[in-house]
Amino acid sequence: AYRAPDKTFWFSGERCLWHLVGDDFVRVNLPPEMMNQYQFLQTITEDQQGGVWVSFGRHGLYRFANGSWTPYGGRDDLPKTGSMMIAFTDSLGRVWFGYAKSQLAVLDGDRVRRFGPSDDLQVGNITAIYGRGSEIWIGGEFGLEQFDRGRFHKIAAVDDRWLRGISGIVETP
């Protein structure tokens, strides 16, 4: 399930998405090639233009806007291989896509930036992304990092095992 900025909700259904608008459930059929892959739906986020990004894990990424689905949002610069596990839209309008093996892509306006282990991103499979403003938290199977001012900063704990297997992030004021 995903709560959109307009306070509506998106839910995964059998061969469809359900969009809860007020008291009404609106059915949105999945792309024909994904109809039988609905059980692999991994994550949902909405961009600032109102397009809804849906990942089917290793089966692909799609953007739904104006009543139609577009694979990878029509972008050639987003990764086409690997399993996309989490997506998040930050307060600055950037859309973050977290993949397996510490791979990350950020759609910022019309530009995609890609990051990985060579950029000091070392959390393994990325399973959680959250943040406000320019500070973004990236969590995964091996730890937690913060992205700020174009760099990744590893977050240390007294015992590194405490930050393994992160499945969600909540930031308090």
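Please refer to the structure placed before this passage.
What you see is a predicted model; the values in this text were computed from it and never measured. (Residues numbered from 1 in each chain as written. Predicted model: local features only at pLDDT ≥ 70, side-chain atom pairs only at ≥ 80, totals over all residues. Heavy atoms only, no water.)

Attention shifts here to the pattern of salt bridges. Inspection of every chain in the model, using the stated rule, returns seven salt bridges. Between Asp77 and Arg75 there is a salt bridge, with the nearest N and O atoms lying 2.8 Å from each other. Given a relative accessible area of 31%, Asp77 falls into the partly exposed group. A relative accessible area of 15% places Arg75 in the buried class. Residue Asp90 pairs with Arg94 through a salt bridge whose shortest N-O separation is 2.6 Å. (Salt bridge = Lys/Arg side-chain N within 4 Å of Asp/Glu carboxyl O. Buried < 20%, exposed > 50% of the residue type's maximum accessible area, 1.4 Å probe, protein only.)

Bringing unusual backbone geometry into the picture now. Backbone geometry places Asn66, a non-glycine residue, at a positive phi of 50°. Positive phi, normally seen in glycine, also occurs at Asp120, with a value near 70°. Looking at where Asp120 falls in the secondary structure, it is placed in the loop between strand S12 (111-115) and strand S13 (126-132). Here Asp120 falls in the partly exposed class, since its relative accessible area comes to 44%. (Helix = DSSP H or I, 4+ residues; strand = E, 2+ residues; numbered from the N terminus.)

Turning our eyes to something else, we now look at the layout of surface pockets. The gaps of empty space that remain are located by a probe, the size of a water molecule, rolled over the atoms. Space inside the largest pocket adds up to approximately 410 Å³. For the largest pocket, the lining is made up of 20 residues, of which Tyr2, Arg3, Ile44, Thr45 and Phe88 are closest to its centre. Breaking the lining of the largest pocket down by element, the ones donating at least two residues are strand S1 (2-3), strand S5 (43-46) and strand S9 (84-89). A class-by-class count of the residues in the lining of the largest pocket yields nine nonpolar, six polar and five charged. (1 Å grid on protein atoms, 1.4 Å probe; cavity = no way out; pocket = protein on both sides within 12 Å on 5 of 7 lines; lining within 4 Å. Points joined across faces, edges and corners; volume = space filled by probe spheres on them. Nonpolar A, V, L, I, M, F, W, Y, C, P; charged D, E, K, R; others polar.)

An order of S5-S6-S7-S8 is seen for the four strands of this open sheet, with the pairing classed as antiparallel. The open sheet has two edge strands with one neighbour each: S5 and strand S8 (68-71). Taking the axes of each pair of neighbouring strands and ignoring which way they run, one obtains an average angle of 25° across the sheet. Where strand S6 (residues 52-55) and strand S7 (residues 61-65) come together, four bridges link them in antiparallel fashion. Bridge pairing in S7 links Val54 to Tyr62. (Pairing = 2+ DSSP bridges. Axes fitted to C-alpha atoms, helices over the stretch in contact; angles between N-to-C directions.)

A word on the nonpolar core. By size, the foremost hydrophobic cluster in this structure holds 15 residues, and its most contacted members are Trp10, Leu17, Ile44, Val54, Phe56 and Trp69. Of all the secondary-structure elements, those providing two or more residues to this core are S6 and S7. In this structure Leu17 touches Trp10, Phe11, Ser12, Val26, Arg27, Val28, Leu30, Leu41, Ile44, Val54 and Trp69, once residues within four positions along its chain are discounted. Among the nonpolar cores identified, the runner-up in size contains 14 residues, and Ile126, Ile136, Ile138 and Phe152 belong to it. (Core = buried A, V, L, I, M, F, W, Y, C linked by side-chain atoms within 4.5 Å. Contact = heavy atoms within 4.5 Å.)

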